[in-house]
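Chain and residue survey
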Amino acid sequence: RVLVMEWLDGQRVMSLCSPSQKLRTGQMKVSASGDGDSVGDGDGDDWSEAEEAAHEAARRAASLPLIDLGIRCTLSQLIETGVMHADPHGGNLLRLHGSGDLAYLDFGLVSEVPPSVRDALVAAATLLVFSRDYEAVAGLFGGLALG
């Protein structure tokens, strides 16, 4: 049984970024013509290998704004609010049909990030971006005594 507070109509993010189902399951076959240059699923909708690759590249490129939004949302949770969804894999994220918004599912694992850790993450990113001081970054996290 699953407790559902609200129904969300969307598509799992994992399916947007991974290879299409037909490619993953090996259901793509050489066309009936036997020319070896086209692939399909046997339903008459055969595409050439180049068309399939172009379709796959376009599908992935269309997902980039959503991936960017997911990264921004996760960083906001981690650095700004300090309360974050601790299991944000592609099965727990949906792109909502209609609006294209991002929805998080399954809040069974949520973490609270203390302000000292948030400050250290910002300092670490700054040290890495501007001075590439890896030893200073290691010292920041060593000093937090997170264990």
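Basis of the calculations
- Residues numbered from 1 in each chain as written.
- Predicted model: local features only at pLDDT ≥ 70, side-chain atom pairs only at ≥ 80, totals over all residues.
- Heavy atoms only, no water.
- Pairing = 2+ DSSP bridges.
- Helix = DSSP H or I, 4+ residues; strand = E, 2+ residues; numbered from the N terminus.
- Contact = heavy atoms within 4.5 Å.
- Buried < 20%, exposed > 50% of the residue type's maximum accessible area, 1.4 Å probe, protein only.
- Lys, Arg positive; Asp, Glu negative; His and termini not counted.
- Salt bridge = Lys/Arg side-chain N within 4 Å of Asp/Glu carboxyl O.
- Polar contact = N/O pair within 3.5 Å; in protein donor to acceptor, adjacent residues only side chain to side chain.
- Axes fitted to C-alpha atoms, helices over the stretch in contact; angles between N-to-C directions.
- Patch = residues over 30% accessible without salt bridge, like charges linked within 9 Å, V, L, I, M, F, W, Y side chains within 5 Å.
- Areas by Shrake-Rupley, 256 points an atom, 1.4 Å probe, with all protein chains shown as cover.
- Expected span 1.5 Å × (residues − 1).

Attention now goes to the pairing of strand 6 (residues 93-96). Bridge count between strand 1 (residues 10-12) and strand 6: 3 bridges; the pairing is antiparallel. By the bridge assignment, Arg12 is partnered in strand 6 with Leu94. Two successive antiparallel strands, strand 6 and strand 7 (residues 102-104), enclose a turn made up of 5 residues, where Gly98 displays a positive phi of approximately 90°.

With respect to the secondary-structure elements, Leu105 resides in the loop between strand 7 and strand 8 (110-112). Ignoring sequence-local partners within four residues, the contact set of Leu105 consists of Leu8, His85, Gly91, Asn92 and Leu94.

The subject of this paragraph is unusual backbone geometry. Its identity is not glycine, yet Asp106 carries a phi of approximately 60°, on the positive side. Looking at the secondary structure, you find Asp106 in the loop between strand 7 and strand 8. You can call Asp106 partly exposed: its relative accessible area is 46%. With a phi angle near 50°, Arg132 is a residue other than glycine that sits in the positive phi range. Relative to the assigned elements, Arg132 resides in the loop between helix 4 (115-130) and helix 5 (134-144).

Another point: the side chain of Arg118. With respect to the helices, strands and loops of the structure, Arg118 is situated in helix 4. For Arg118, which is buried and forms no salt bridge, the nearest opposite charge comes from Glu112, at a distance of 6.6 Å. Side-chain polar atoms of Arg118 contact the backbone oxygen of Glu80, separated by 3.2 Å. Residue contacts for Arg118: discarding those within four places in its chain leaves Leu78, Ile79, Glu80, Thr81, Gly82 and Val113.

So, on to the sheet that holds strand 1. Taken together, the 3 strands give an open sheet; going across it, the order is 1-6-7, and neighbouring strands pair in antiparallel fashion. Edge strands, defined here as strands with exactly one partner in the open sheet, are strand 1 and strand 7. The mean angle between the axes of side-by-side strands here comes to 35°, regardless of whether they run parallel or antiparallel. Where helix 3 (residues 49-81) meets the sheet, it contacts strand 6 and strand 7, and its direction lies at approximately 45° from that of strand 7.

Among the surface-exposed residues, Leu64, Ile67, Ile71, Leu75, Ile79 and Val122 lie close enough to one another that they form a single nonpolar patch of about 480 Å² accessible area. Per element, the largest residue contribution to the nonpolar patch is 5 residues, and it comes from helix 3. Secondary-structure assignment places Val122 in helix 4.

Moving on, we get to the environment of Ala138. Within the secondary structure layout, Ala138 lies in helix 5. Looking at Ala138, the relative accessible area reads 51%, which means it is exposed. Once the C-alpha coordinates of Ala138 and Ala124 are considered, the two residues, 14 residues apart in sequence, prove to be 8.5 Å apart.

Another aspect to go through is helix 4. With 16 residues, helix 4 extends 22 Å between its outermost C-alpha atoms, agreeing within 8% with the 22 Å of an ideal straight helix rising 1.5 Å per residue. If you follow the buried residues of helix 4, they end up packed against helix 3 and helix 5. Note on helix 4: the residue one or two positions beyond its end, Arg132, has a positive phi of about 50°.

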